[in-house]
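Residue-level structural notes
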Amino acid sequence: WRIDTTYSGGNILEGVVHELDFTRSMFGDLQFASATASGRVTSEEHESPVVLQAVLEFAGGASATCRMGDWVGFDGGGTWIAGTTGTLHFTGWTDPVWLHEPGQAPRSFDVADELAYDRELADLISAIESGGEPENSGQNGLQNLGLGLALYQSIARGERMSFADGMPDDVTGDYQYRGPNTII
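To start, this report covers the structure provided alongside it. Small disclaimer: the values here were computed from a predicted structure and weren't measured. (Residues numbered from 1 in each chain as written. Predicted model: local features only at pLDDT ≥ 70, side-chain atom pairs only at ≥ 80, totals over all residues. Heavy atoms only, no water.)

Focus: the packing of aromatic side chains
- Considering all chains together, one arrives at 1 aromatic pair under this definition.
- Ring centres of Phe 27 and Phe 58 lie 5.3 Å apart, and the angle between their planes is 45°; on these two criteria the pair is classed as tilted. Separated by 31 residues along the polypeptide, Phe 27 in helix H2 (residues 17-27) and Phe 58 in strand E4 (residues 51-58) bring together distant segments of the chain.
- Owing to a relative accessible area of 32%, Phe 27 belongs among the partly exposed residues under this scheme. (Phe/Tyr/Trp six-rings, centres within 6.5 Å; stacked < 30°, edge-to-face > 60°. Helix = DSSP H or I, 4+ residues; strand = E, 2+ residues; numbered from the N terminus. Buried < 20%, exposed > 50% of the residue type's maximum accessible area, 1.4 Å probe, protein only.)

This is how it looks when you write it as structure tokens:
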């Protein structure tokens, strides 16, 4: 059910939304996004996994590539986010994040012992109790959803999607994906 867009956000929103959120938090508002999907090729009794490749172009000039595989996946050894001057790589929630830069040995960044989800939940509870705004706001969630839907549209149309004020320009106002369920 997780990859079926009739019941959930499908592969993009279920499988890679956290990486998209992470990338947006690092580089800011999007200007353009495009995506391709390959795979699901059947040969005899075997079906190849689906792989998504998304190119994100940010208003500040940075660009990043996000890649995600289906259930079988590719031997990527975790999550990789490639940018204009290097690549971030991590394999688990509490494992180090590695920065790979051209001509240099990879450097690791330790992450907090506390899971990001726990910190996010504590921030939300604090915002409710204080009447303030949580760091991960509803607007941020809507922008992540909009980005995921823009990537589906990019795959379906074969077009680069544009953004204004962090939101895609040409995605339905109710933010529901109605394209083919087998797109990715």
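Having seen it, we continue.
Comments concerning the layout of surface pockets
- Of the volumes computed, that of the second largest pocket is approximately 160 Å³.
- Lining the second largest pocket are 14 residues, with Phe 27, Gly 83, Thr 85, Gly 86 and Leu 88 positioned closest to its centre.
- Mapped onto the lining of the second largest pocket, the elements with two or more residues apiece are H2, strand E6 (79-83) and strand E7 (87-90).
- Looking at the lining of the second largest pocket element by element, the count peaks at 3 residues for E6.
- In the lining of the second largest pocket, the residues fall into 7 nonpolar, 6 polar and 1 charged. (1 Å grid on protein atoms, 1.4 Å probe; cavity = no way out; pocket = protein on both sides within 12 Å on 5 of 7 lines; lining within 4 Å. Points joined across faces, edges and corners; volume = space filled by probe spheres on them. Nonpolar A, V, L, I, M, F, W, Y, C, P; charged D, E, K, R; others polar.)

Things to note about H2
- Of all the positions in H2, only Val 17, Glu 19, Leu 20, Asp 21, Thr 23 and Arg 24 are classed as buried.
- Count one or two residues on from H2 and you reach Gly 28, which has phi positive near 90°.

Concerning the nonpolar core
- With 26 residues, the main nonpolar core has Ile 12, Leu 20, Leu 56, Leu 147 and Leu 151 as its most contacted residues.
- Mapped onto this core, the elements with two or more residues apiece are helix H1 (10-15), H2, strand E1 (30-38), E4, strand E5 (63-69), helix H4 (138-157) and strand E10 (161-164).
- In terms of residue count, H4 provides more of this core than any other element does, 6 residues in total. (Core = buried A, V, L, I, M, F, W, Y, C linked by side-chain atoms within 4.5 Å.)

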